[in-house]
Every structure is written in C-alpha cells, then in structure tokens.
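Topology and contacts: notes
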Amino acid sequence: MIQDGDLVSFRYSISDSDGLLIDSSGDTPVKHICGAHTLVPGLERALIGRAAGDRFNIQVAPAYGYGERLTNDSQLTVPRTDLPKDMPLEVGMLLMLEDDAGEPMPVWLVGLTDTTAVFDANHPLAGVTLHFDVEVLEARPATSAEKHRTFMGIAP
C-alpha cells in the first residue's frame, strides 16, 4: 500500500466536468514521492493506500486542486512600456512577479494588446473540478537520494 515517502510511478489523464481533456501523461509515466506536495492535494491523497496495478477515477474539487477562483481584483493591467522590450509575450505564459512584501507571486498573462498586458494571479485551472483517470504502475519506498533530489526541486 502506498504511503508517504514512497516513490510512485503512474500515468494519468485529467479532464474537466464537460469531459474536455486538460492534460495527460501519455505513454510517459510520472514519478512522484508521496508527501512531497508536488501534486494537487486531492490526487496526492487519492494515491495513499493504493498499490501497483490499481486503476481509479477521482473527482477533485477546486479546493483540493488549483484553488477557488479569486475575484477580479486578481487581475493587473500593465502598460507594455513597463515591460522589457525584448520580452516575448504570449497569452497563457507564466511569469513571476513580486508581491508588496517582496515575495514571488506567479501570474499568468491572460490578455495582450498593442499597449497593455493583463496578468491574472489565478492559476488557469482555479475553480475547475478536475476529473483524474489514474493507473499506478509502480510503488516502492523512495531512496534517500530520490528524496534529496525531490527536496532540491529535481524530479526523482
């Protein structure tokens, strides 16, 4: 049975409530150390107690996925002249800004005109109920080297 500290290899697909495919691991399994908090909490919790060979479907509410959608105050419109001229901008891209306390804050570019760029602090999947289809391929205790790599932000 999978528990915190185990290395789990799995394949998945995610769709929204309308059945639209959002993401998939395809043929390449994902490796994850349970308890490392690198997955949405709802999926990480659903892996606990499973075993290699298990297939399951779960529905993850926004609170256990990418969070509830924040209000419109989460958007910021910036004149393009305030951005580096050589910065390539594409709607959907992730940028890191600093909040008022100097802490890093992820924002997504959601609108672009000739004169302005609109950023949103909401993750693109905030407010979305996620539907996961998961197949657990392998589960075993993670080695100390794998745990260290995960701690350093490197995939196991």
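First things first, this report covers the structure right here in the doc. (Residues numbered from 1 in each chain as written. Predicted model: local features only at pLDDT ≥ 70, side-chain atom pairs only at ≥ 80, totals over all residues. Heavy atoms only, no water.)

1. Details of the sheet that holds strand 7 (residues 104-112)
Pairing between the strands of a sheet is mediated by backbone hydrogen bonds and can be parallel or antiparallel. Put simply, the rule reads: If DSSP finds at least two bridges between two strands, the strands pair. To qualify as a helix, a DSSP run of H or I must reach at least 4 residues; to qualify as a strand, a run of E must reach at least 2; elements of each kind are numbered from the N terminus. To obtain each axis, a line is fitted to C-alpha atoms, and for helices this fit is confined to the stretch in contact; angles are then taken between N-to-C directions over 0 to 180 degrees.
In spatial order, the strands read 5-8-7-6; together these four strands make up an open sheet with antiparallel pairing. The sheet is open, and its two borders are formed by strand 5 (75-79) and strand 6 (94-98), each paired with just one other strand. Put simply, the sheet's adjacent strands are angled 40 degrees from each other on average, direction ignored.

2. Section: the pattern of salt bridges
Under the convention used in this document: Take a side-chain nitrogen of Lys or Arg and a carboxyl oxygen of Asp or Glu: if they are within 4 Å of each other, that pair is a salt bridge. Exposed residues in this analysis have more than 50% of their type's maximum accessible area, buried residues have under 20%, and partly exposed residues fall in between, with area computed by a 1.4 Å probe over protein chains only.
Taken as a whole and judged by the stated rule, the model has six salt bridges. Note that Glu135 and Arg55 form a salt bridge whose closest N and O atoms lie 4.0 Å from each other. Here Arg55 lies in strand 4 (residues 55-60) and Glu135 lies in strand 9 (residues 130-141), a separation of 80 residues in the sequence. Residue classification places Arg55 among the exposed residues on the basis of a relative accessible area of 54%.

3. Here we look at the nonpolar core
Operational definition: Definition used in this section: a nonpolar core is a set of buried Ala, Val, Leu, Ile, Met, Phe, Trp, Tyr and Cys residues joined via side-chain atoms within 4.5 Å.
In this structure, Phe10, Leu43, Leu47, Phe132 and Val134 are the most contacted members of the largest nonpolar core, which totals 19 residues. Of all the secondary structure elements, the ones that give two or more residues to this core are strand 1 (6-15), helix 1 (41-47), strand 4 and strand 9. Within the second largest apolar cluster, eight residues are counted, among which are Leu89, Val107, Leu109 and Ala117.

4. So, the environment of Ile22
So the rule is basically this: We call two residues in contact when some of their heavy atoms are within 4.5 Å.
Its place among the elements puts Ile22 in strand 2 (residues 21-24). Classification of Ile22 by relative accessible area gives partly exposed; the value is 29%. For the pair Ile22 and Phe132, spaced 110 residues apart in the sequence, the C-alpha separation amounts to 10.0 Å. If we ignore the near neighbours within four places in the chain, the residues touching Ile22 are Ile14, Ser15, Asp16, Leu125, Val128 and Leu130.

5. Focus: the pairing of strand 2
Working note: regular strand, side chains alternate between the two faces of the sheet. Across three bridges, the pairing between strand 1 and strand 2 is antiparallel. Looking at strand 2, one finds that Ile14 is bridged to Asp23.

6. Some words on the side chain of Asp120
Checked against the element boundaries, Asp120 lands in strand 8 (residues 116-120). In this structure Asp120 comes out as buried when scored by relative accessible area, which is 1%. Each residue touching Asp120, except ones within four places of it in the same chain, is listed here: Arg69, Ser74, Gln75, Val107, Trp108 and Val110.

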